[in-house]
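The chain contents come next:
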Amino acid sequence: MTNEFLLAGFGGQGILFAGKLLAYVGLYAGKEVSWLPSYGPEMRGGTCNCSVTVSDAPIGSPLILEPTQLLVMNTPSFDKFIGAVKPDGMAFIDSTLVEGQSDRKDIKCFYVPATAMANENGLKGMANIILAGKLLKEIGLTDEAVIEKAMKKCIPPKKADKLEANMKALKLGMDFNG
Amino acid sequence: MPDFKRPHALTDVYLHYCPGCTHGIVHRLVAEVIDEMNIEGDTIGVCPVGCSVMAYDYFNCDMMEASHGRAPAVATGIKRANPDKFVFTYQGDGDLAAIGTAETVHAATRGENITVIFINNTTYGMTGGQMAPTTLPGQVTQTTPYGRNTDIEGFPVKMCEMLSQLDGVALAERVTVIDPANIRKAKAAIKKGFEYQAKKQGFSIIEVLSTCPTNWGLTPVQAIERLKNDMIPYYPLGVYKDAPVRNKEGA
Amino acid sequence: MAEKSLMKGNEALAEAALRAGCKCFFGYPITPQTEIAAYLSKRMPKVGGVFLQAESEVAAINMVYGCAGSGIRCMTSSSSPGISLKSEGISYIAGADLPCVIIDVMRGGPGLGGIQPSQADYYQITKGVGHGDYNIIVLAPSTVQEMADCVTKAFDLADKYRMPAVVLADGLLGQMMEPVAFDDAEIVMSDASNKPWAANGHKNARKHNIINSLYLQAPELERTIKERYERYAEIEKNEPVGVADYCDDADIVVVAYGSTARLAKSAVDEARKQGIKAGVFRPVTLYPFPKNELNAAVKNAKKVLVVEMSMGQMVDDVKLAINCSKPVDFFGRTGGVIPAPAEILAKIKEMGGNN
């Protein structure tokens, strides 16, 4: 079983962080994992994406061109990648930020108003985690102890006070129905 | 007559320098300082590419031969790995002020605890007398056959003046070795540079105005006259900076 | 072994360098290797090491020359254009028989090129890094764990043979994260105690040491170079490493190194699923090139396919190693484009690999 996640959005939205979280969840669930960022001059504000593979077998290419799951947080990335999702795959779309919907019938699209949910719940800047929570729920990687361990690992000690809020965001995503 | 022996820090190898060249005197001064401070076993010298390329055979301390211009970077590598050793470079004007300007300036501004002995003789000696960065306006060299024209070749580089502007420099002094009084001053400057190293006080450069009778086409005596009459007015002797960079040891 | 954590290839390599006793790092920023410098700038002061950002690549490699000449383990890292600048210094280091480690995290070229992954420095690193007759050891990792393992090995080989060793990676390996583990051993910085040739102050206890590559007498220089080549012969005998997968019964053997090898492996896995008899051979050491290992791997093959992220450089060494005894085809993407396993598989099929 191999999950190939492609996460995309603007720099500064926490795309790489959400990718790292998914990779750690995979690692702590006993899988092979790889994480590959797009890199270059696009720091804050530019487009940004990240390939995460979680697999039962050693990973060949860490670069994902056709994801099984797409997590997308802006319209340009949605337009660019929605067509690349593998048939029977899934897309997790921040519907606060992405205009339009996909007409693909061979994939499951989840429209999560993640940015609005984050703002309403005092979790500004954690829309990425809400989407990641929804993704983890839908693919069935939901062992809470594993997820919490992964989150703890991803949050640097200096920002330990952010752990609770991040866990709350994750839970919001997992519990979201739509 | 005092006992005038070869300093221990000089090997028993004949120097290859031309008659009347002042390299030999400067080598001796460095060696005397090493002897007087009793630091030969804790000193590493770095030679340049230029006439003094084979100085590694002449100094009795451990020696490294650098590529052209890179001696201050090589010295930085040695010193950072061995902060309690003494490290000096011995470089000519082409090496230090042309191809190696970046390495010189940055070692200086970092305040590397090294001592740079800078031989300024206004020419590339080893390759046969081409224009150096320090060649004087009007000076005839192999590559300025009509004399250095500042409209075309620009102006000489004044290293001590330049480096004295940098906060990492503890000592920038220009000396010469054309007579006993100046030789004594030159040695004192070199010694001060090494002493600043001992106290980790920052970068020291001692620029020595030197002669090159062969490439200047002069006798040794004429060469000394030229140095006095033409070089010193353009490159005034003296202390350009003497201000230890760090107040306490290793700070 | 401690618990595995996710690290970028560049960071894993940097951590491994520390653990190999690398006391000094001299570098200059360039994408996509900058994490190595950033990581070491944080870690070095905590473990008694030296991190210094040099004014240029040229200065950095010469700082390595000085530090290595004093017998201390040291390293510099860069990416392709920066390695071009370092090449003069690398020649001097090889000419003075000094051990050091150089990291090249390759990007696209020529010129400024791009910053995406590339393998177009193969010639530069294995054939042409600087002037003169000499070789340097070249190791090519293909996972993040190997980025760490290779740097340790590079330090050991550099010391053993007194010569520079390069870890040749690319932007993909440098930037990606994978699980990596280090043992719990305490970090011990290297010293010069096993290096009697080091110029680190003779303490009035021995003759002065001279670190030098200048020999004005031609016969003397020739003798020195020939002695060095005797050492290279030892290396070529003792140190080649190559990894073969599914090669025994393969009709088509794909040869690839570094990150491309894992892409090739994915293609070959898929080929096998489809009943195509393909195998993959990965040189881990690029100098010494694993000639015997390659010949063994392609013994039963009908054809060889070399895949690189370049217009084809290692392919020459493959042809030489097997003495053109089999048809050798090439597939490459360049300029920072990463070949997709599907493209490699298509090429295998085009060459007649079928079920």
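What to know about the overall build of chain A
Turning to step 1, where the next piece is worked out: For chain A, the helix and strand inventory stands at six helices and six strands.
Turning to step 2, where the next piece is worked out: Scaling as 2.2 N^0.38, a compact globule of 178 residues should have a C-alpha radius of gyration of about 16 Å, and chain A matches this with 15 Å.
Turning to step 3, where the next piece is worked out: Principal axes of the C-alpha set define a box for chain A whose edges measure 40 × 40 × 35 Å.
Turning to step 4, where the next piece is worked out: Long-range pairs, those at least 24 residues apart, make up 58% of the contacts in chain A between residues at least 6 apart in sequence.
Turning to step 5, where the next piece is worked out: Carbon and sulfur atoms make up 53% of the accessible area of chain A, which totals about 8,000 Å².
Turning to step 6, where the next piece is worked out: Between the centroid of the 19 positive side chains of chain A and the centroid of its 19 negative side chains there is a distance of 6 Å.

Section: the sheet that holds strand β8 (residues 203–209) of chain B
Turning to step 1, where the next piece is worked out: Strand order across the open sheet formed by eight strands is β9(B)-β7(B)-β8(B)-β4(B)-β3(B)-β1(B)-β2(B)-β9(C), with mixed pairing between neighbours. Edge positions in the sheet fall to β9 (238–242) of chain B together with β9 (210–211) of chain C, since each of these pairs with one other strand and no more.

Here we look at the packing of helix α9 (residues 258–273) of chain C against helix α12 (residues 341–350) of chain C
All names here are of chain C.
Turning to step 1, where the next piece is worked out: At a minimum axis distance of 8 Å, the contact between α9 and α12 shows a crossing angle of 55 degrees. Put simply, α9 runs oblique to α12. Along this stretch, α9 crosses α12, giving a crossing that reads as right-handed. Here α9 contributes Leu263, Ala264, Ser266, Ala267, Val268, Glu270 and Ala271 to the contact with α12, which in turn contributes Pro341, Ile344, Leu345 and Ile348.
Turning to step 2, where the next piece is worked out: The residue makeup of the contact of α9 with α12, split by class, is nine nonpolar, one polar and one charged.

Details of the environment of Ile93(C)
Turning to step 1, where the next piece is worked out: Along the chain, the position of Ile93(C) falls in helix α4 (residues 80–95).
Turning to step 2, where the next piece is worked out: In this structure, the C-alpha to C-alpha distance between Ile93(C) and Gly69(C), residues 24 residues apart in sequence, is 8.6 Å.

Regarding the interface of chain B and chain C
Turning to step 1, where the next piece is worked out: Of the residues lining the interface, 35 residues belong to chain B; the matching set on chain C comes to 35 residues.
Turning to step 2, where the next piece is worked out: Contact between chain B and chain C buries roughly 2,600 Å² in total, counting both sides, with carbon and sulfur atoms accounting for 56%.
Turning to step 3, where the next piece is worked out: The interface formed by chain B and chain C holds four salt bridges in total.
Turning to step 4, where the next piece is worked out: Across the pair Arg206(C) and Asp62(B) runs a salt bridge, and its minimum N-O distance is 2.7 Å.
Turning to step 5, where the next piece is worked out: Scanning the region where chain B abuts chain C turns up 21 residue pairs in polar contact (both at pLDDT 80 or more).
Turning to step 6, where the next piece is worked out: Elements supplying a minimum of two residues to the side of chain B that touches chain C: β1 (43–47), β2 (62–65), α2 (71–81) and α4 (101–109) of chain B.
Turning to step 7, where the next piece is worked out: The biggest single contributor to the side of chain B that touches chain C is α2(B), with seven residues.

Quick notes on the pattern of salt bridges
Turning to step 1, where the next piece is worked out: The full count for this structure, using the stated rule, is 46 salt bridges over all chains.
Turning to step 2, where the next piece is worked out: Notably, a salt bridge pairs Asp106(A) with Arg104(A), separated by 2.9 Å at the nearest N-O pair.
Turning to step 3, where the next piece is worked out: Take Asp106(A): its relative accessible area is 34%, and that puts it in the partly exposed class.
Turning to step 4, where the next piece is worked out: For Arg104(A), a relative accessible area of 19% translates into the label buried.
Turning to step 5, where the next piece is worked out: Among the ionic pairs, Asp317(C) bridges to Lys127(C), the shortest N-O distance being 2.7 Å. In this pair, Asp317(C) is assigned in helix α11 (residues 314–321) and Lys127(C) in the loop between α5 (122–126) and β6 (137–139), connecting sequence segments 190 residues apart.
Turning to step 6, where the next piece is worked out: Lys127(C) gets classed as partly exposed once you look at its relative accessible area, which sits at 48%.

Looking at the packing of helix α3 (residues 57–69) of chain C against α4(C)
Residues and elements named next belong to chain C.
Turning to step 1, where the next piece is worked out: At a minimum axis separation of 8 Å, α3 and α4 run at an interaxial angle of 25 degrees. Viewed along their axes, α3 and α4 adopt a mutual orientation that is roughly parallel. Between α3 and α4 lies a crossing whose hand is right-handed. Each of Glu57, Val58, Ala60, Ile61, Val64 and Tyr65 in α3 lies in contact with α4, whose residues at this interface are Gly82, Leu85, Lys86, Glu88, Gly89, Ile90, Tyr92 and Ile93.

What counts, and where the lines are drawn
- Residue positions are given per chain, counting from 1 as you read along its sequence in written order.
- Note on labels: chains are lettered from A, ligands numbered from 1, in written order.
- Per-residue local features are limited, in this predicted model, to residues with pLDDT of at least 70; the limit for side-chain atom pairs, both in listing and counting, is 80 or more; totals at the level of whole chains, interfaces and linings are taken over all residues.
- Think of the side-chain values as coming from all heavy atoms in the structure, minus any hydrogens and water.
- Helix and strand labels come from DSSP, where a helix needs a run of H or I of at least four residues and a strand needs a run of E of at least two; each type is numbered from the N terminus.
- Within these notes, the globule rule equals 2.2 Å times the number of residues to the 0.38 power, and the radius of gyration is based on C-alpha atoms.
- Contacts between residues were defined by any pair of non-hydrogen atoms, one from each residue, lying within 4.5 Å.
- Where accessible areas are quoted, they stem from the Shrake-Rupley method and a 1.4 Å probe; at the residue level, only the protein chains shown are allowed to cover.
- Counted as positive: Lys and Arg. Counted as negative: Asp and Glu, with His and the chain ends omitted from the count.
- Charge positions are represented by NZ for Lys, CZ for Arg, CG for Asp and CD for Glu.
- For two strands to count as paired, DSSP must find a minimum of two bridges between them.
- Lines fitted to C-alpha atoms define the axes, with helix axes restricted to the stretch in contact, and inter-axis angles between N-to-C directions lie between 0 and 180 degrees.
- In these notes the angle categories are as follows: under 35 degrees is roughly parallel, over 145 is roughly antiparallel, 65 to 115 is roughly perpendicular, and the rest is oblique.
- Two helices cross in a left-handed way if the nearer one is turned anticlockwise from the farther one by less than a right angle. They cross in a right-handed way if the turn is clockwise.
- Residue type decides the class: Asp, Glu, Lys and Arg count as charged, Ala, Val, Leu, Ile, Met, Phe, Trp, Tyr, Cys and Pro as nonpolar, and the leftover types, Gly among them, as polar.
- When two components associate, each loses some accessible surface as probed by a 1.4 Å sphere; the sum of these losses over both components is called the buried area.
- Whenever a carboxyl oxygen of Asp or Glu lies within 4 Å of a side-chain nitrogen of Lys or Arg, that contact is scored as a salt bridge.
- N or O atoms within 3.5 Å of each other form a polar contact, as long as, within protein, one can give a hydrogen and the other can take it, and as long as residues adjacent in sequence are counted only when both atoms are side-chain atoms.
- Summary of the burial criterion: residues with accessible area below 20% of their type's maximum are buried, those above 50% are exposed, and those between are partly exposed, where the area comes from a 1.4 Å probe applied to protein chains only.

Any functional reading would require information that these geometric values do not contain.
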